[in-house]
Amino acid sequence: MTKFHGTGVAIITPFNDNLNVDHNALANLVNFNIENGTDYIVISGTTGESVTITKHEKEAIIKTIIKANNGRVPLVLGIGGNNTANAIEEIKTTDLSQIDALLSVSPYYSKPTQEGIYQHFKAIAEASPIDIILYNVPGRTASNMSPETTLRLANDFNNIIAVKEAGNNVHQYLKLLRDKPADFLVISGDDDLVLGVVLAGGAGVISVLGQAVPKQFTTMINLGLEGKAKEAYKIHFDLMDLTALIFSENNPAGIKAVLEALGLSKALVRLPLVEATNELKLKIKTALQKLD
């Protein structure tokens, strides 16, 4: 599955002043990323504010990204949740002909046992006509998908090809990398840890920051995949301050403030999220000037 090696980005959903989806900004952001080295694009993930996007908006977002992409890079679509039946129904009723894989989040809020998580993804795998990337993000779901559960799923289902691991837990990453099947991909969802993960054998990243600085971020990841640690860490150190800033208040408020500073979209988010503070925006502008 070399198509998911390298840098994927969890693309934002840009909004106009009336908080409608800004499809022009979205298309421009897709082009900006592809032209600057991004390897694949993830649609309707956490950073895309998927929980406040309507079904019809999601369909329109998918169409805009497919059109802008024009077959240039693989596309991954977020479909998941804590209602297994609803997730399966969405899979069955969505046109996936232009989608290369699903990103499916571990069930949130309900706090299932590990067996419940396994059975949820078993049902998803059996329903999906395309490959699946598991998504473990315990800081948001309130439950951790253990490495044992992830590896059990990886071994039991051929269409479960990868995990986006975002537990910010180095030991958990290393257990996955040590024990995974040879063709199973461990993809980092932690921008601050990804370089170490890649150097240890990870396949790459699904990044938040990468969509704002795709040239630098993809260069760092590619150097890491080549084992060129010294050169890669130079870029990592350059990006450290900006990486910390975008998560200091909320994601995606932070990355939207970066993209606004770059003139790519507005910093607007939908409630219950609120826009980045002026203090954070000023810090982001300063960090961008240093980076430049």
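Let me sum up the structure you'll find in this document. The shown structure was predicted, so the numbers you read here are calculated from the model rather than taken from an experiment.

### Thoughts on the pairing of strand β7 (residues 185-188)
Then step 1. Of the two faces of β7, the one carrying L185 and I187 and the one carrying V186 and S188 are both buried.
Then step 2. As paired strands, strand β6 (residues 160-165) and β7 are joined by 4 bridges and run parallel to one another. Counterpart to A162 in the pairing with β7 is L185.
Then step 3. Running through helix α8 (residues 194-199), the crossover from β7 to the neighbouring parallel element strand β8 (residues 204-207) is right-handed.

### Focus on empty space enclosed by the protein
Then step 1. Counting across every chain of the model gives 1 cavity of 30 Å³ or more.
Then step 2. Roughly 50 Å³ of internal volume is contained in the largest cavity.
Then step 3. Among the elements that make up the lining of the largest cavity, the one with the highest residue count is helix α2 (residues 55-69) (3 residues).
Then step 4. Split by residue class, the lining of the largest cavity holds 6 nonpolar, 3 polar and 1 charged.

### Structural notes on the environment of I53
Then step 1. Mapped onto the fold, I53 is located in the loop between β2 (40-43) and α2.
Then step 2. Separated by 125 residues in sequence, I53 and R178 place their C-alpha atoms 38 Å apart.
Then step 3. Here I53 is in contact with T13, F15, G48, K58, I61 and R270, once residues within four sequence places are set aside.

Cut-offs used in this document
- Residues numbered from 1 in each chain as written.
- Predicted model: local features only at pLDDT ≥ 70, side-chain atom pairs only at ≥ 80, totals over all residues.
- Heavy atoms only, no water.
- Buried < 20%, exposed > 50% of the residue type's maximum accessible area, 1.4 Å probe, protein only.
- Helix = DSSP H or I, 4+ residues; strand = E, 2+ residues; numbered from the N terminus.
- Pairing = 2+ DSSP bridges.
- Right-handed = clockwise from strand over helix to strand, strands pointing away.
- 1 Å grid on protein atoms, 1.4 Å probe; cavity = no way out; pocket = protein on both sides within 12 Å on 5 of 7 lines; lining within 4 Å.
- Points joined across faces, edges and corners; volume = space filled by probe spheres on them.
- Nonpolar A, V, L, I, M, F, W, Y, C, P; charged D, E, K, R; others polar.
- Contact = heavy atoms within 4.5 Å.

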